[in-house]
Amino acid sequence: MIRTATETSDEHDASRCLARSVVKTLAEEPALEAVTIDRAQQKISVATLGRTDVTQLTGRLTEKFHHAQEAVSDQACGLLTGDGDCSRCDTPLSDQQSQRITIKHESGATTIARVTCPTAPTFWRWRDMPFPKVVQRDVEFLEHADEHENEWKAQLVLAILCGVFGLTGYFLGRAGHPTLSLVSFIAAYLAGGWFPAEEVWERLRKSAIDVHFLMLAVAIGAASIGAWAEGATLLFLFSLSGALEHYALGRTQKEIRSLFRDAPKVATILDAQGREREVKVELIRTGMRLLVKPGSQFPVDAEVLKGGTAADESNLTGEATPVEKAVGETVLAGTINLWGAVEVSVLRPAAESSLQKIIHLIREAQQQKAPAQQFTDKFGTYYTYAVLTLSLLMFFVWWLAIGLPPFTSSVELRSAFYRAMTLLVVASPCALVLSIPSAVLAAIAWGARHGVLIRGGAAVEKLAEVNVVALDKTGTLTTGELRVEKVESFPAGRENEVARLAYSLEKLSTHPLARAITRYGKQQQIEAIEFEKFESVTGQGLKGRCDGSESLLGRREWVELARPTQAIAQVPPTEAGFSEIWLAQDGLLGRIVLRDDIRPQARAVLDALHTAGLRSVVLTGDRRATAEYLKTELHLDEVRAELKPEEKVAAIKALSDGGNRVAMIGDGVNDAPSLAAAHVGVAMGARGSDAALEQADVVLMHDRLENFLAAFRLSQRARRVIRQNLVISMGTVAVLVVFALIGKIPLPIGVVGHEGSTVIVVMNSLRLLLGGRDKQN
């Protein structure tokens, strides 16, 4: 996309208003004829003329309208309400814009359309699209996230009281004090049934039942036939196992919350005169200057303007080694400034910081269910009703067909109702329901504490299925922290001009090469040039125009094709391990040589993956020579070089079509399509682009490639634990149900078996949280 300096201002105005965004979109989308915005019905309708890719058009419109609506969530646009121009916009619609469009208000809806012939609307094709939702993005401090952290303690106290009152009632009954015994049993019921009753009430209000309902039903049923001791035993064991479950799952949540408990609440800003003032973190805006003192946390993502320090990033990345921070380098929200006072410039608001992105991703991960869990959730619901039906049916079979007494039991002969209650207990799916989510949450928590962010249960299961690992080169196998080795000009003597033009162009880009040149320019205090036009050519480089002269910055082949000259051909390519970027302007030719070191851990990680039976494939846009150098150094199975982003996606699809389960590891915006196409997408680090993080199933914090190996092994361990849990839960139910059907198991033993399997399942899952890094299997 080409942008002029004047267009940039227009875009800023348009993005602040939904109506202006529509007007601008009509000018940019030739197939779009009209847009109707109905706020009352929360609906947007678009009209197109001729053939167009509706899916892509709708996607572009949704993104544009969402950003515009989000920007004015607190104030309606006058162009939509019929009140005139929007008060949020700096200028009214220009005469040229007014002549090109019509704005019509009718029944609470506004239609913005092109000026066209009267018959054209009859050929329009209307389609509805979602109304952009405005969600206020708040800063999450997680300060109230542990409200229920100690709930298990109250449950444990009540469970113990239930057991004490139950035993008291039993011994009082044996001692010949029936009234006192009954009072003790009632107290036991109240203590043991308090929390289960709360759960039952909440679910009944939603017209649902679960295992809590079954347990209370059995306890009440036991009391109704005088089996108070059995009912108290049931409630004691059920409430005790509930307390242990809450403790185990609470421990998982606590592991995650401990990462972010101390997020900064206020920051010190500097005004133009250098005066200090404290403000709330949520009020910080992009471009503000902050002062961060030693020992305090960086409140937002920012860039160092003055001073130097080291940052402790362990809470975000799992890396205990301090990271040096100099001028031009990025500091992350929530990390600790260790020793130097620094002035920083805010890169993004607190709600969009790396810390908040990670918190959001963890929240999202905890809510995403694994495929197996989705099955057990559905199965568990139907299974609960099936158990109720079977128990009712067997009550009549034992009573009417076999001839057992319906309600009265003796020492020698249990009643049909007693046996039905026992069947109801042992067949309940409590352990089955907990078998998968407990393992998934424990795996997510362990990963978060060790620098691996797993986005939900599906990712936990899918990662264990991978047999091919595709990797980007820059920022994945290499450090991604390129540094400028030298600046050359041809002929020599104009190196400063080359550096200045390259810095001025690259500061508008986000590629790793651009970050290195931008950092170099700031460290050298180079003054940037303002370009009138700027264009990014995907996979090739950048174009810019200044004072009527066009500058090119990009790949050797692209620059040589655009500006044919013998000088480029006479310069030999860089050695393997180095990168080059060429600059050409009228009468000026130059080259910037950069170095990107291979990660020290890359060789060991790839060897370990190969030992585990995984095939490694590198997909890179770099030169063939550089790719072959990597293949030799790292013992890669395959390299594919000089690939554009769309060719990387095609390579992923080809591998998948061959029956492989592919994990793609990348870090940049250009890797996002490949991450989405892979069976499992893996993004490198908290510094990864928003696009890459959005598409990733797994995020490796601190750009540590070895964490992929840890994530892969964790996924395998989690899959084994899930299978073990399923065998334990379903096997226990099967054995106990058989004994219950033949009447060979008393209710207390059934309760012990049922609750015991539940506790075993939860504790087995907890091994994922408590265990260290798994060794090679």
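Refer to the structure printed above.
Reference entry: report on the structure contained in this document. Keep in mind that what you see is a predicted model, and the values were worked out from it rather than measured.

### A short note on unusual backbone geometry
Residues Phe490 and Pro491 are joined by a peptide bond in cis, for which omega reads 0 degrees. Tracing the backbone through its elements, the reader meets Pro491 in the loop between strand S18 (483–489) and helix H18 (495–506). At Gln525, a position not held by glycine, the phi torsion is positive, near 55 degrees. Even without being a glycine, His635 presents a positive backbone phi close to 60 degrees. Along the chain, His635 turns up in the loop between helix H23 (624–634) and strand S25 (638–640).

### Some words on a nonpolar patch on the surface
Nonpolar side chains collect at one region of the surface, where Val735, Val738, Phe739, Leu741 and Ile742 lie side by side and expose about 420 Å² of accessible area between them. Locating Leu741 in the fold gives a position in helix H27 (residues 706–741).

### Here we look at the sheet that holds strand S16 (residues 452–454)
The sheet built from seven strands is open, its strands ordered S16-S28-S27-S26-S17-S24-S25 with mixed pairing. Among the strands making up the open sheet, the edge pair consists of S16 and S25. Between one strand axis and the next, the sheet turns by 20 degrees as a mean value, whatever way the strands run.

### Quick notes on H27
End to end, H27 covers 53 Å across 36 residues, agreeing with the expected 52 Å (1.5 Å per residue, within 8%). Looking one or two residues past H27, Gly743 carries a phi angle of roughly 70 degrees, positive in sign.

### Some thoughts on the nonpolar core
Counting residues in each nonpolar core, the largest one holds 49 residues, and the members touching the most others are Leu477, Val698 and Phe708. With sequence-adjacent residues up to four places away left out, Val698 is seen in contact with Val452, Leu453, Ala459, Leu463, Val680, Gly681, Val682, Ala683 and Ala711. Among the nonpolar cores identified, the runner-up in size contains 42 residues, and Leu234, Phe417, Val425 and Leu736 belong to it.

### Concerning the side chain of Ser765
The residue Ser765 is located in helix H28 (residues 747–770) in this model. Ser765 sits in the buried class, given a relative accessible area of 0%. Here Ser765 is in contact with Ser435, Ser438, Ala439, Ala442, Val721 and Asn725, once residues within four sequence places are set aside.

### Description of the environment of Met664
Here Met664 shows up in strand S26 (residues 662–666). Along the backbone, Met664 and Ala683 are 19 residues apart, and their C-alpha atoms lie at a distance of 8.3 Å. Contacts of Met664, omitting those with residues within four sequence positions, involve Ala470, Leu471, Asp472, Leu619, Ile652, Asp671, Ser674, Leu675, Ala678, Val680, Gly681 and Val682.

### So, the sheet that holds strand S10 (residues 302–306)
If you trace the six strands from one edge of the open sheet to the other, you get S8-S7-S9-S15-S10-S13, paired in antiparallel fashion. At either end of the open sheet lies a strand with only one pairing partner, and these are strand S8 (276–280) and strand S13 (330–331). As paired elements, strand S9 (residues 289–292) and strand S15 (residues 342–346) share four bridges and run antiparallel to each other. The residue bridging Leu291 from the neighbouring strand is Glu343, located in S15.

### Examining the pattern of salt bridges
Once their charged atoms are close, side chains differing in charge can pair, the charge on each being opposite to the other. Evaluation of the coordinates by the stated rule reveals 20 salt bridges. The shortest N-O distance in the salt bridge between Asp472 and Lys648 comes to 3.0 Å. Taken together, the residues Asp472 in the loop between strand S17 (468–471) and helix H17 (473–477) and Lys648 in helix H24 (residues 645–657) connect sequence positions 176 residues apart. We classify Asp472 as buried; its relative accessible area is 6%. Between Glu580 and Arg591 there is a salt bridge, with the nearest N and O atoms lying 2.8 Å from each other. Taken as a pair, Glu580 in strand S22 (residues 578–585) and Arg591 in strand S23 (residues 588–595) lie far apart in primary sequence, eleven residues in all. Here Glu580 matches Arg591 in class, with each residue buried.

### A few points about the environment of Ala576
Mapping Ala576 onto the fold places it in the loop between helix H21 (566–570) and S22. Ala576 has contacts with Ala625 and Tyr629, leaving out every residue within four places of it along the chain.

### Here we look at the packing of H27 against H28
Between H27 and H28, the shortest axis-to-axis distance is 9 Å and the interhelical angle comes to 175 degrees. If you check the angle between H27 and H28, you find them roughly antiparallel. Two secondary-structure elements touch here, H27 through Leu714, Arg717, Ala718, Val721, Gln724, Asn725, Ile728, Ser729, Thr732 and Leu736 and H28 through Gly750, Gly753, His754, Ser757, Ile760, Val761, Asn764, Ser765, Arg767 and Leu768.

### Considering the packing of aromatic side chains
Summed over the entire model, instances satisfying the criterion amount to eleven aromatic pairs. Relative to Trp126, the ring of Trp124 lies with its centre 6.1 Å away and its plane at 65 degrees, an arrangement referred to as edge-to-face. Among the residues examined, Trp124 registers a relative accessible area of 12% and is labelled buried. For Trp126, a relative accessible area of 42% translates into the label partly exposed. Taken together, a centroid distance of 5.3 Å and an interplanar angle of 70 degrees make the contact between Phe395 and Phe396 edge-to-face. Phe396 sits in the partly exposed class, given a relative accessible area of 37%.

### Remarks on the packing of helix H6 (residues 151–174) against helix H7 (residues 178–204)
Close contact between H6 and H7 brings their axes to 7 Å; oriented N to C, the two are set at 160 degrees. As judged from the angle between their axes, H6 and H7 are roughly antiparallel. Relative to H7, the crossing made by H6 is left-handed.

### Focus on the environment of Val292
Residue placement: Val292 occurs in strand S9. Along the sequence, Val292 and Ala341 sit 49 residues apart, while their C-alpha atoms lie 5.8 Å from each other. Leave out the neighbours within four places in its chain, and Val292 touches Gln297, Phe298, Pro299, Asn337, Gly340, Ala341, Val342 and Val344.

Reading the values: rules and limits
- The residue numbering used here restarts from 1 in each chain and proceeds along that chain's sequence as written.
- For this predicted model, a pLDDT threshold of at least 70 governs which residues receive local features, and a threshold of 80 or more governs which side-chain atom pairs are given and counted, while totals over whole chains, interfaces and linings are taken from all residues.
- Heavy atoms from the whole structure form the basis of all side-chain values; hydrogens and water molecules are not counted.
- Here a strand is any run of E in DSSP of at least two residues, a helix any run of H or I of at least four, and the numbering for each starts at the N terminus.
- A residue counts toward a patch only above 30% relative accessible area and without a salt bridge, and it is joined to like-charged neighbours within 9 Å or, for Val, Leu, Ile, Met, Phe, Trp and Tyr, to nonpolar neighbours within 5 Å.
- Accessibility throughout is a Shrake-Rupley quantity obtained with a 1.4 Å probe, and a residue counts as covered only by protein chains that appear here.
- The salt bridge definition used is simple: a Lys or Arg side-chain nitrogen within 4 Å of an Asp or Glu carboxyl oxygen.
- Here, strands pair whenever DSSP counts at least two bridges between them.
- All axes are obtained by fitting lines to C-alpha atoms, using only the stretch in contact for helices, and the reported angles, taken between N-to-C directions, cover 0 to 180 degrees.
- Helices are assigned an expected span. That span is 1.5 Å times one less than the residue count.
- What makes a nonpolar core is a set of buried Ala, Val, Leu, Ile, Met, Phe, Trp, Tyr and Cys residues whose side-chain atoms join them at distances within 4.5 Å.
- Any residue under 20% of the maximum accessible area for its type is buried, any over 50% is exposed, and the rest in between are partly exposed; the area is computed with a 1.4 Å probe on protein chains only.
- Contacts are assigned to residue pairs with any non-hydrogen atoms lying within 4.5 Å of each other.
- Oblique is the label for any angle not covered by the other classes, which are roughly parallel (under 35 degrees), roughly antiparallel (over 145) and roughly perpendicular (65 to 115).
- Side-chain rings of Phe, Tyr and Trp, where Trp is taken by its six-membered ring, are said to pair if the distance between their centres is within 6.5 Å; with planes under 30 degrees apart they count as stacked, over 60 as edge-to-face, and otherwise as tilted.
- In a left-handed crossing the near helix is turned counterclockwise from the far helix by less than a right angle, and in a right-handed crossing that turn is clockwise.

Such coordinate-based values are descriptive only and should not be taken to indicate function.
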